[in-house]
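Reading the structure
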Protein chains: 2
Amino acid sequence: MPLSAYWLRDNCPCTECRDPRNGQKLFQITDLPEDLAIGESVETDGRLEVTWSDGHRSRYPLTWLAAPQHGDGRTAEGKRLWVAADFARGIPEAEWGAYLAEPEEQAAVLSAVQRFGFAVLRGVPVVEGQVLKVAESFGYVRETNYGRLFDVRVEADPNNLAFTSAAIAPHTDNPYRDPVPTLQLLHCLRNEAEGGDSGLVDGFRAAAVLREESPEDFALLARTPVPFGFRDRGTELRADRPLIDLDPLGRIREVRFNNRSIGTLRMGAAELDAFYAAYRRFAAVTLRRELQLEFRLGPGDCLIFDNVRLLHARTAFEQGGSRHLQGCYADLDGLASTLAVLHRRAEALDTIAELFAGEGAGEYLGEDVTIAEHMLQAGALAEAAGAPDHLVAAALLHDVGHFNGTGLELMEGRDNRHSDTGADWLAHWFGPEVTEPVRLHVAAKRYLCAVEPGYRERLSEASEYTLKVQGGPMDEARAAAFAAHPGAADAVAVRRWDDQAKDAALQAPPFDHFRPLLARTMR
Amino acid sequence: MPLSAYWLRDNCPCTECRDPRNGQKLFQITDLPEDLAIGESVETDGRLEVTWSDGHRSRYPLTWLAAPQHGDGRTAEGKRLWVAADFARGIPEAEWGAYLAEPEEQAAVLSAVQRFGFAVLRGVPVVEGQVLKVAESFGYVRETNYGRLFDVRVEADPNNLAFTSAAIAPHTDNPYRDPVPTLQLLHCLRNEAEGGDSGLVDGFRAAAVLREESPEDFALLARTPVPFGFRDRGTELRADRPLIDLDPLGRIREVRFNNRSIGTLRMGAAELDAFYAAYRRFAAVTLRRELQLEFRLGPGDCLIFDNVRLLHARTAFEQGGSRHLQGCYADLDGLASTLAVLHRRAEALDTIAELFAGEGAGEYLGEDVTIAEHMLQAGALAEAAGAPDHLVAAALLHDVGHFNGTGLELMEGRDNRHSDTGADWLAHWFGPEVTEPVRLHVAAKRYLCAVEPGYRERLSEASEYTLKVQGGPMDEARAAAFAAHPGAADAVAVRRWDDQAKDAALQAPPFDHFRPLLARTMR
């Protein structure tokens, strides 16, 4: 297959070209020579090895070369467009307690917001300000002139129609802001009024319908910046953006729809006529019965929705009726990041589980237990001792550096001692409170041999053998330095469970027993 | 001139169609009849009066009809593109103290950020966290995974190249975020290292140069979404956006340029070759000597810059050197709003000054002083009495409802008593602490006549005359209600200065004397 030289070089994965911690490139595109070319290239051992015209060498996994394109999921192509009937059996929802406790539940909620544009959390404490906690559970609050949060209830002197009891037709919020907040949260504290129901419309679906039924109107709306505006005594916002925003490939990326805040377009009369015809057609589509999803928020419900995709609406309610929501804005990127990390963690747990089940069944340096049994025993001993989560995790995972399947062979130029490689690998998901006891568990053995009479004599045969390879007991100075290390106590604790976890008679729980604890510890 | 019917109707300024407080429309575009047409239209008295086919009537000022298009200033067309030599005589800067105290100074700084993309505040207190105060002086902090603020200094285990002593080539921040933070602030707390200078490049200028020199490369970059990414243990961000983002009219709107975080594009080899050639050409333009503006931030300097336009850079510095900046992100829309409100307030002060100078020279209901002298005297009396700013302002402005030039005739259907109309007009810029004493100053006279023996006898002849028109002294119930009103004391105070401010012998200061006080009170 033909390869683009600059593309290939720009993607060199070596640690000289790319920071292994965050994947950031360590060179500038302009640092590459003008006449860069592939010198030699050889496929071997599942990799393409390239020697470049400037002498640099790169190795690319063939699986990486063949990997498919993944988009960022922000355009209509990455969504599941819907009509109201798609939710005849219920809308995406979850209990607040389960959402907080179970990563899978949280991932399901965030994934629904990403795919469908919304989800409802039930049982969110009916406490003022709680909506901010919901936003902070997956992202960052976007403060605006309305504050960090805003109250939606009838106000004496409202600066916005939202704060009256009037019906509000489907719209997106804040089109006059740039960047517009991409997420909105509405937390219901009270809804005793007659009326005041909520409605949602998939604006991407409405735009897609318009494109199908009237492609010229769609194109006209996508190419016409509209002056959105809002002003009160302390605010004057203005943004010129199209109702339908396309990405450079013509995919629907954002919808802004808010009749209340469209200002004065200035074009010729014929162009204005064409725009208004298209705008009215689009507005009529958003009002179609089949697109209107209606439900009622009760106290404790928190609706999270995509404010650059979904239009939201409210029916009128009786003036005296008691209705109080609190809302805030946030952004999709923070939500997507949290979701990606949840997926990454779930994958990591799967990978670790597979390692325990696969390679873990192998012999452990001649001990009476397999390597998996050894680690599960260590974890169980830590748990039985009432150790905190992070030490149970460290005990359970302390020998992960013995596994070949961790992909550690990719970390070129690093010390491959198993405690270090294991700790480095775990650092992708766990904090230092887990990785450092793992890193130091070999040093802890060398330390205990130096300072604790009788310790060395109790070591297993294999452990006595590896002690020599690892440098033997520490000398006095090293032992003193180790003892002064802030992580010494944790490392010694893990070491003792390690030493005891070689008992063929001991029945350790299976890996799945530790999964929730590991998931908690990853946060 | 031909007019578009729906456009004209959508812009009807009547209070039935539009909330006079915030300009929000009170109807939906779909509420308009299918066959809407202009019935009759007449130009009279500077207005176009339209009777619609559905019976609605609208009146449009001819000046509004003829008003030119104003953009939101966000694309390159609204900016002043620059090369380094444009700042040979200095960069846009201001002292923190002056910026805080003087609205003109603040407006100049914010305007520089809007037009040139940056400004530097000098003498900002060298205190940790101060950068947040700078951001909050004009807008809202955008929190990210780096926190509300981030420290830029050498870190032991950096998750980002910024936190090392390495040189960093010109780039924009956070292209992997969507929406990307549109503003960045960097506040220097310490810079004692050799090196560590700052550089800025106008990315819009660089893009414009590319468009001129190599239009095909420009077009290619504008139509190619690039997968930007960043990940660390708790974060996984991804955004597919072009290096050069155009608005639907083809104007340069945003630039994202960050070699470190460009991920893997997936296209055919020929397309990748073309992209990389264009990308390298654009990168080379950003590195041209004439585009590089260099300066050094010292302690107390705070750089504010447009992160979707300017590229920022840093020279390398000695590893051990002490350099500490604190940064945060914010958004251009909040800044633009603050600037617009500052301009609006300055215009309002100009308008009020003109009213005092023009109509104010007219006779004041037969008193010995002109209306301007009367109001200036009232303001001066309040000031001499040591009244707080808001009461001096209320005394100075209490009769503004007598002026015809306030445009109050536009507020149809409202009570045109001068205290109410004046208060309503002032409410565009002043809070209730100013407007309510103005609103109540006539009621205060009727109240004092009812409850204070001898008060009525001391009224001027004109005031005695208008008392009758205004309803005469209050009855007992009304007087009790007035006394119970939380604003009664302020209104009575203003009233007393009003009553005394009719002395032809008294020399009041000119309007400009009160301008700084009014500017403060408007906040």
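Residues numbered from 1 in each chain as written. Chains lettered and ligands numbered in written order. Predicted model: local features only at pLDDT ≥ 70, side-chain atom pairs only at ≥ 80, totals over all residues. Heavy atoms only, no water.

By the naming in an unreviewed UniProt entry, chain A is Gamma-butyrobetaine dioxygenase, taken from Kitasatospora atroaurantiaca. Listed in UniProt under the heading Sequence similarities (unreviewed entry), the comment for chain A reads: "Belongs to the gamma-BBH/TMLD family." (UniProt positions renumbered as here; feature names shortened; annotations may be inferred.)

Examining the overall build of chain A
Helix and strand counts for chain A come out as 19 helices and 18 strands. What you see for chain A is a C-alpha radius of gyration of 30 Å, clearly larger than the 24 Å of a compact globule of 523 residues, by over 25%. With the principal axes as the frame, chain A shows a C-alpha extent of 90 × 65 × 45 Å. The 523 residues of chain A split such that 57% are buried. Taking contacts inside chain A between residues at least 6 apart in sequence as the whole, the part at least 24 apart equals 73%. Accessible area for chain A stands at about 21,300 Å²; split by element, carbon and sulfur atoms hold 50% of it. Side chains of chain A give 56 positive and 79 negative charges; the mean places of these two sets differ by 5 Å. (Helix = DSSP H or I, 4+ residues; strand = E, 2+ residues; numbered from the N terminus. Rg over C-alpha atoms; globule rule 2.2 N^0.38 Å. Buried < 20%, exposed > 50% of the residue type's maximum accessible area, 1.4 Å probe, protein only. Contact = heavy atoms within 4.5 Å. Areas by Shrake-Rupley, 256 points an atom, 1.4 Å probe, with all protein chains shown as cover. Lys, Arg positive; Asp, Glu negative; His and termini not counted. Charge placed at Lys NZ, Arg CZ, Asp CG, Glu CD.)

Focus on the domain arrangement of chain A
Interface extent is often summarised as the accessible area lost during association of the parts. Taken domain by domain, chain A consists of domain 1 (5–65), domain 2 (76–90 + 127–330) and domain 3 (358–522). Here the C-alpha centroids of domain 2 of chain A and domain 3 of chain A sit 54 Å apart. (Domains from an automatic or database assignment.)

Side note on the sheet that holds strand β3 (residues 57–61) of chain A
Residues and elements named next belong to chain A. Spatial strand order, β1-β2-β3: 3 strands in an open sheet with antiparallel pairing. In this open sheet, the two edge strands, each paired with only one partner strand, are β1 (38–44) and β3. In this sheet, adjacent strand axes meet at a mean angle of 20 degrees when their direction is disregarded. Where β1 meets strand β2 (residues 47–52), 6 bridges bridge the pair, whose relative direction is antiparallel. Counted as the bridge partner of E40 is T51 from β2. (Pairing = 2+ DSSP bridges. Axes fitted to C-alpha atoms, helices over the stretch in contact; angles between N-to-C directions.)

As for the pattern of salt bridges
All names here are of chain A. Taken as a whole and judged by the stated rule, the model has 70 salt bridges over all chains. The shortest N-O distance in the salt bridge between R439 and D424 comes to 3.1 Å. Taken together, the positions of R439 in helix α13 (residues 432–439) and D424 in helix α12 (residues 418–426) put the pair 15 residues apart, joining distant regions of the chain. Note that E452 and R458 form a salt bridge whose closest N and O atoms lie 3.2 Å from each other. (Salt bridge = Lys/Arg side-chain N within 4 Å of Asp/Glu carboxyl O.)

With respect to the side chain of R122 of chain B
Residues and elements named next belong to chain B. Relative to the elements of secondary structure, R122 occurs in strand β5 (residues 118–122). In terms of polar contacts, R122 uses its side chain to reach the side chain of E93, at 2.9 Å. Excluding anything up to four places from it in sequence, R122 contacts I91, E93, A94, E95, W96, G300 and D301. (Polar contact = N/O pair within 3.5 Å; in protein donor to acceptor, adjacent residues only side chain to side chain.)

Examining the UniProt feature "domain: Gamma-butyrobetaine hydroxylase-like N-terminal" (unreviewed entry) in chain A
The feature "domain: Gamma-butyrobetaine hydroxylase-like N-terminal" (unreviewed entry), as given by UniProt, occupies residues 3–65 of chain A in the numbering adopted here. Along residues 3–65 of chain A the backbone is 16% helical and 29% strand, and the end-to-end C-alpha distance reaches 10 Å.

What to know about the pairing of strand β12 (residues 235–241) of chain A
Regular strands have side chains that alternate between both faces of the sheet. Residues and elements named next belong to chain A. Burial runs high along β12: 5 of the 7 residues are buried. Of the pairings in the sheet, the one linking strand β11 (residues 226–232) to β12 comprises 7 bridges and is antiparallel in character. Bridging from a neighbouring strand, D232 pairs with T235 of β12. From the end of β11 to the start of β12, which pair antiparallel, there are 2 residues.

A short note on the packing of aromatic side chains
All names here are of chain A. Per the stated rule, a full pass over the model turns up 40 aromatic pairs over all chains. An angle of 15 degrees between the planes, with centres 5.6 Å apart, marks the rings of W96 and Y99 as stacked. Placement of the pair is W96 and Y99 together in helix α3 (residues 96–101), with a separation of 3 residues, close to one helical turn. For W96, a relative accessible area of 9% corresponds to the buried category. (Phe/Tyr/Trp six-rings, centres within 6.5 Å; stacked < 30°, edge-to-face > 60°.)

Comments concerning the environment of S214 of chain A
Residue and element names in this part refer to chain A. Tracing the sequence through the fold places S214 in the loop between α6 (203–213) and α7 (215–223). The exposure class of S214 is buried, given its relative accessible area of 12%. Each C-alpha atom, one on S214 and one on A278, is 8.6 Å from the other, the two residues being 64 residues apart in sequence.

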